[in-house]
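# Fold and contact review
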Amino acid sequence: MDKIRRSVEGVATEALLLEIADLYHALRGAEDGTGATLAAGAGRWKILRLLARDGPQTVPRMARACGVSRQHVQALVNTLQRMQWVTKAENPQHRRSPVISLTVDGREAYLQESEAVGRLADRAGAGLDRERLVAARSVLRELAARMRRD
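I will try to describe carefully the structure that is included in this document.

Criteria and thresholds
- Residues numbered from 1 in each chain as written.
- Predicted model: local features only at pLDDT ≥ 70, side-chain atom pairs only at ≥ 80, totals over all residues.
- Heavy atoms only, no water.
- Helix = DSSP H or I, 4+ residues; strand = E, 2+ residues; numbered from the N terminus.
- Contact = heavy atoms within 4.5 Å.
- Patch = residues over 30% accessible without salt bridge, like charges linked within 9 Å, V, L, I, M, F, W, Y side chains within 5 Å.
- Areas by Shrake-Rupley, 256 points an atom, 1.4 Å probe, with all protein chains shown as cover.
- Salt bridge = Lys/Arg side-chain N within 4 Å of Asp/Glu carboxyl O.
- Lys, Arg positive; Asp, Glu negative; His and termini not counted.
- Charge placed at Lys NZ, Arg CZ, Asp CG, Glu CD.
- Pairing = 2+ DSSP bridges.
- Axes fitted to C-alpha atoms, helices over the stretch in contact; angles between N-to-C directions.
- Buried < 20%, exposed > 50% of the residue type's maximum accessible area, 1.4 Å probe, protein only.
- Expected span 1.5 Å × (residues − 1).
- Polar contact = N/O pair within 3.5 Å; in protein donor to acceptor, adjacent residues only side chain to side chain.

## With respect to the side chain of Thr-58
Looking at where Thr-58 falls in the secondary structure, it is placed in strand 1 (residues 57-58). Beyond its immediate sequence surroundings of up to four residues, Thr-58 is in contact with Asn-91, Ser-97 and Pro-98.

Below, the structure is given as C-alpha cells:
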C-alpha cells in the first residue's frame, strides 16, 4: 500500500489538534478543584456568554455565531430553560423563532462560571508569554473558521 504524502503544515496541524483534545481532557480533570465547568458545560456556557455579551437573540442567530447546528443550540437552550437560566419571548419578526434572554439566575450563573474560568486561566497561564498566547489564539480561531467553511 502506498503511503500518502503529507504536507508539513498538515502534520503540524494534526499535532495541534491532538494537543487541543488533550487540553480538553485536562480541562475536564481540572474543573473539580476550581468550580469551573467549562469542559463539561462548554456549550451551555457559550450560549450564556452570547446572551450576556450580545443581548437577547434567536436560536438560529446563536447557531450561526457558534458555528453549530440550530438543533444543537435548541437542545442547549431547552436545558438552560429547564434550569431557569433563560427565558423565551415572542418574536414579532418571526412567529416560530422566539427570542431567548438571560434570566437573573442565568446572568448570575454566567458571572460565577466566568469567574471560575478566569481563576483557572490565571493559574494555567501564569508565566506563559502573552504574545505566544495571543498568537496561539489567532491560529486556533483561523483553524476553527476554516473547519466551519469546509
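## Quick look at a positive patch on the surface
Taken together, Lys-46, Arg-137, Arg-141 and Arg-148 make up a surface patch of like positive charges. The dominant element in the positive patch, judged by the number of residues it contributes, is helix 6 (residues 130-149), at 3 residues. One can find Lys-46 in helix 2 (residues 42-54).

## Some points on the sheet that holds strand 1
Hydrogen bonds between backbone atoms are what pair the strands of a sheet, whose relative direction is either parallel or antiparallel. Here we have 3 strands laid out as an open sheet, ordered 1-3-2, and antiparallel in their pairing. Every interior strand has two partners, whereas the edge strands, strand 1 and strand 2 (86-89), have only one. Relative to strand 3 (residues 99-102), strand 1 runs antiparallel, the two sharing 2 bridges. Residue pairing across strands places Gln-57 opposite Ile-100, the latter belonging to strand 3. Across the sheet, helix 2 is in contact with strand 1, strand 2 and strand 3; its angle to strand 3 comes to roughly 90°.

## Observations regarding unusual backbone geometry
With a phi angle near 65°, Gln-84 is a residue other than glycine that sits in the positive phi range. Position of Gln-84 relative to the elements: it lies in the loop between helix 4 (70-82) and strand 2. What makes Gln-84 exposed here is its relative accessible area of 55%.

## Here's the deal with a nonpolar patch on the surface
Taken together, the side chains of Leu-17, Ile-20, Leu-140 and Met-147 present a nonpolar region at the surface, about 320 Å² in accessible area. Looking at the nonpolar patch, the elements that each hand over two or more residues are helix 1 (8-34) and helix 6. Within the secondary structure layout, Ile-20 lies in helix 1.

## What about helix 6?
Here helix 6 spans 29 Å end to end across 20 residues, near enough to the 28 Å set by a 1.5 Å rise per residue. Its side-chain oxygen at 3.2 Å from the backbone nitrogen of Glu-131, Asp-129 defines the N-terminal cap of helix 6.

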